[in-house]
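Remarks on the overall topology
Below, each chain spelled out in residue letters.
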Amino acid sequence: MSSRLLSSLSSLPLPPSSLLLVLLAAAVLVFFLMTQRLRPASSRPGSIPGLPRLPVLGSLPWLGGGLPPHLLFTQLARRYGSVFSLFLGPHYTVVVNSHQHAREVLLQRGRDFAGRPSMVTTDLLTRGGKDIAFSDYTPLWKLHRRLVHNSFTLFGEGTSRLQDIVLSSVDSLCAELLSNGRRGFDPCPAVTRAVTNVVCTLVFSATYQPGDAELQEVIRYNDGIVQTIARGGLVDIYPWMKVFPNRCLSRLKDCISIRDRLLARKLEEHKASLSDGDPRDLLDALLQGQGEETMTDDHVLMTAAEAFGAGVETTSTTLLWIVAYLLHHPEVQQRVQKELDEQVGSDRAVSVSDRGRLPYLDCVINEGMRIRPVSPVLIPHTAMTDSSIGGHSVSRGTRVLVNMWSIHHDPEHWDKPDLFNPDRFLDGGGRRVTPPCFLPFGAGPRVCVGESLARLELFLFLSSLLQRMSFTLPRGAAPPDLQGRLGVVLQPLPYKVVVTPRAG
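Everything numeric here is computed off the predicted structure, so don't read it as measured data. (Residues numbered from 1 in each chain as written. Predicted model: local features only at pLDDT ≥ 70, side-chain atom pairs only at ≥ 80, totals over all residues. Heavy atoms only, no water.)

Broken down by element type, the chain carries 17 helices and 12 strands. Taking all 504 residues of the chain together, the buried fraction comes to 52%. In the chain, the proportion of contacts linking residues at least 24 apart, taken out of those at least 6 apart, comes to 71%. In the form shown here, the chain has an accessible surface area of approximately 22800 Å², with 55% of it arising from carbon and sulfur atoms. (Helix = DSSP H or I, 4+ residues; strand = E, 2+ residues; numbered from the N terminus. Buried < 20%, exposed > 50% of the residue type's maximum accessible area, 1.4 Å probe, protein only. Contact = heavy atoms within 4.5 Å. Areas by Shrake-Rupley, 256 points an atom, 1.4 Å probe, with all protein chains shown as cover.)

Right, let's get into the pattern of salt bridges. Enumeration according to the criterion identifies 22 salt bridges in this entry. One salt bridge connects Arg109 with Glu104, and the closest N-O pair in it is separated by 2.4 Å. The class for Glu104 is buried, based on a relative accessible area of 9%. One salt bridge connects Glu342 with Lys338, and the closest N-O pair in it is separated by 2.7 Å. Taken together, the residues span about one helical turn, with Glu342 and Lys338 both in helix H14 (residues 330-343) at a distance of four residues. Across the pair, Lys338 and Glu342 agree in class, each one exposed. Salt bridges here are not isolated pairs; linked through shared partners, they connect Arg127, Arg259, Asp260 and Asp298. (Salt bridge = Lys/Arg side-chain N within 4 Å of Asp/Glu carboxyl O.)

Once that is clear, we can look at the packing of helix H13 (residues 297-328) against helix H15 (residues 359-371). At a minimum axis distance of 9 Å, the contact between H13 and H15 shows a crossing angle of 100°. Judged by the angle between their axes, H13 and H15 are roughly perpendicular. Taking contact as the criterion, the partners of Thr318, Ile322 and Tyr325 in H13 are, on H15, Val364, Ile365, Gly368, Met369 and Ile371. Tallied by class, the residues present in the contact of H13 with H15 amount to six nonpolar, two polar and no charged. (Axes fitted to C-alpha atoms, helices over the stretch in contact; angles between N-to-C directions. Parallel < 35°, antiparallel > 145°, perpendicular 65-115°, else oblique. Nonpolar A, V, L, I, M, F, W, Y, C, P; charged D, E, K, R; others polar.)

Compared with an ideal rise of 1.5 Å per residue, which puts 27 residues at 39 Å, helix H11 (residues 247-273) spans 40 Å between its outermost C-alpha atoms and is within 8% of the ideal. Here H11 has its buried residues at Leu249, Leu252, Cys255, Ile256, Arg259, Asp260, Leu262, Leu263, Lys266, Leu267 and His270. Buried residues belonging to H11 abut helix H5 (120-126), helix H8 (188-204), helix H9 (213-229), helix H10 (233-237), helix H12 (282-288) and H13. Of the residues flanking the start of H11, the one acting as N-cap is Asn246, its side-chain oxygen 3.1 Å from the backbone nitrogen of Cys248. (Expected span 1.5 Å × (residues − 1). Polar contact = N/O pair within 3.5 Å; in protein donor to acceptor, adjacent residues only side chain to side chain.)

The tally for this structure, following the rule as stated, stands at one cavity of 30 Å³ or more. Residue assignment for the lining of the largest cavity shows that the elements contributing at least two residues are helix H7 (161-178) and H8. A per-class count over the lining of the largest cavity returns six nonpolar, four polar and two charged. (1 Å grid on protein atoms, 1.4 Å probe; cavity = no way out; pocket = protein on both sides within 12 Å on 5 of 7 lines; lining within 4 Å. Points joined across faces, edges and corners; volume = space filled by probe spheres on them.)

This paragraph deals with the packing of aromatic side chains. Counting across every chain of the model gives 11 aromatic pairs. On the numbers, 6.1 Å between centres and 40° between planes, the contact of Tyr80 with Phe84 is tilted. Of the residues examined, Phe84 reaches a relative accessible area of 0% and is grouped as buried. Considering the side-chain rings of Trp240 and Phe244, the 6.4 Å spacing of their centres and the 80° angle between planes classify their relative orientation as edge-to-face. On the basis of relative accessible area, Trp240 is assigned to the exposed category, the value being 52%. Residue Phe244 is classed as partly exposed on the basis of its relative accessible area, which comes to 48%. (Phe/Tyr/Trp six-rings, centres within 6.5 Å; stacked < 30°, edge-to-face > 60°.)

On to the side chain of Arg116, then. Among the structural elements, Arg116 can be located in the loop between helix H4 (99-108) and H5. No salt bridge is formed by the buried Arg116. Its closest oppositely charged neighbour is Asp136, at 7.4 Å. At 2.7 Å, the side chain of Arg116 forms a polar contact with the backbone oxygen of Ala133. Of note is the side chain of Arg116, whose polar atom sits 3.0 Å from the backbone oxygen of Pro380. With near-sequence residues (within four places) excluded, Arg116 lies in contact with Ala133, Phe134, Ser135, Asp136, Ile379, Pro380, His381, Thr382 and Arg446. (Lys, Arg positive; Asp, Glu negative; His and termini not counted.)

This paragraph deals with unusual backbone geometry. Of note, the phi angle at Val56 is positive, near 70°, even though the residue is not glycine. A positive phi is found at Lys416, a non-glycine position, where the angle reads about 45°. With respect to the secondary-structure elements, Lys416 resides in the loop between helix H16 (404-408) and helix H17 (451-468).

Okay, the packing of H13 against H14 next. For the pair H13 and H14, the least separation of the axes is 5 Å and the interaxial angle reads 110°. Relative to H14, H13 is oriented roughly perpendicular. Contacts between H13 and H14 involve Leu326, Leu327 and His328 on the former and, on the latter, Pro330, Val332 and Gln333. In terms of residue class, the contact of H13 with H14 is made up of four nonpolar, two polar and no charged.

In this structure, Val203, Phe204, Leu263, Phe308, Ile389, Phe461 and Phe471 are the most contacted members of the largest nonpolar core, which totals 126 residues. Residues contacting Phe461, with those up to four places away along its chain left out, are Val166, Ser169, Val170, Leu173, Ala194, Val195, Val198 and Leu319. (Core = buried A, V, L, I, M, F, W, Y, C linked by side-chain atoms within 4.5 Å.)

Here we come to the side chain of Gln290. Within the secondary structure layout, Gln290 lies in the loop between H12 and H13. In this structure the side chain of Gln290 is engaged in a polar contact, spanning 2.9 Å, whose partner is the backbone oxygen of Met295. Among all residues touching Gln290, those that are not within four sequence positions of it are Leu147, Met295, Thr296, Asp297 and Val300.

Let us now look at the pairing of strand E8 (residues 399-402). Burial of E8 is two-sided: the residues Arg399 and Leu401 facing one way and the residues Val400 and Val402 facing the other way are all buried. One ladder, built from two bridges, connects strand E5 (residues 381-382) with E8; its direction is antiparallel. The residue bridging His381 from the neighbouring strand is Val400, located in E8. (Pairing = 2+ DSSP bridges.)

Attention now moves to the sheet that holds strand E3 (residues 83-88). Taking strand neighbours across the sheet as the criterion, the four strands line up as E3-E4-E8-E5 in an open arrangement whose pairing is mixed. Where the open sheet ends on each side, the last strands, each with one partner, are E3 and E5. Across the face of the sheet, helix H3 (residues 69-80) comes into contact with E3, strand E4 (91-96) and E8 while running at roughly 120° to E3. Those strands touched by H4 are E3, E4, E5 and E8, and its axis lies near 130° from that of E8.

On the surface, Trp240, Val243 and Phe244 cluster together into a nonpolar patch covering about 380 Å² of accessible area. By the element assignment, Phe244 lies in the loop between H10 and H11. (Patch = residues over 30% accessible without salt bridge, like charges linked within 9 Å, V, L, I, M, F, W, Y side chains within 5 Å.)

Right, here's the structure in full:
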């Protein structure tokens, strides 16, 4: 390192006196770095062992190699233990890789670790944390979350509203998929449009046709946010870097601006037509429950915006992963369809009430969320108070990353974890079981507020599609690549399918 630094400095066109000063400074810097570089992440008594660190850079030089974070952390856990520490620049961070420690962080000491760090990209995305997912843990956040949860119950289990919305979107999706005939095609755009349509209907009662300009605008800005926020890592580690030109940050701001203009227009339309009757959608429910002076229009807008960010990308990605795995395992698809034929038939649409009679289909969804969690590393937590993890002391302000990938692929708790096997969620009597190490939506105070909605949506989409059609590979095509690419979520690489209508 020292020779490379010195040789590059000696080639600069500087006067001899300046060059001497620079070389001297470089030599001092190299000496300082060499003496500091093997300093552990934390050396306090009772602290968590972890990676070495350097001044300013922290442990970043030890986090290279090109692996995505969830795989890198899994690899590092083999060396440092299931709980280890590192410095992301100046930020002391603890990484949790086992379900016992994850449950400790999320459930047993959930309030201790319920905070969120302030980051440049997420502050831009949420107007300074006026949403649910990225907002810090405060009395206002708890009030806001309760309001959102109560609003979501309008569409939850026991009501037909979500079912009607999803089944309407399913009809359009099936027609679009089947219109391709025997030709191989990428199912991603059609699935994304269908899921986006569901969210648009839930949030502001808009239903679009596939080519509608406003729907395309929603998909475009949502995709732009997803693509750019994933590249904002460095500015989130070093916030001062936002003063420098940053193409990704500029594009993120543009997409957020388009999003906010559209949602602000919808909000004003809802205010003008709001009544005391039953809310038509999420915006109505939020406006009716706004009551508290501290619950501003920004909170309402950011909640609506988050429904798109969380609701579209996660659901559509999970569906696309499951279809990819069904192409690898046609016997699983056939077994689901046999269960559907026996329990539902082909004369009527699948309904939420059928869920109890379709245990294997539910297990396929669970296995999809286990083997390819859309959020391989959960949104960072921060310690609200001095606490501990696994007997190690953790001081207030520490960032905590829960590596869901490692938890869902731990061979101590999952037999052959890299194998797609829905039967792992059934007991010997064919009844559903949920292992304690299965945490696709997190747990505790920060559990995903939309979990019940997401589960119902996944069930209705997948059951309806497999009731009506079969997915196969185009002739001569290789099965989908299952490695995926990591952005905001872990997405499958593009693949092609052939859709065939089922008799009935």
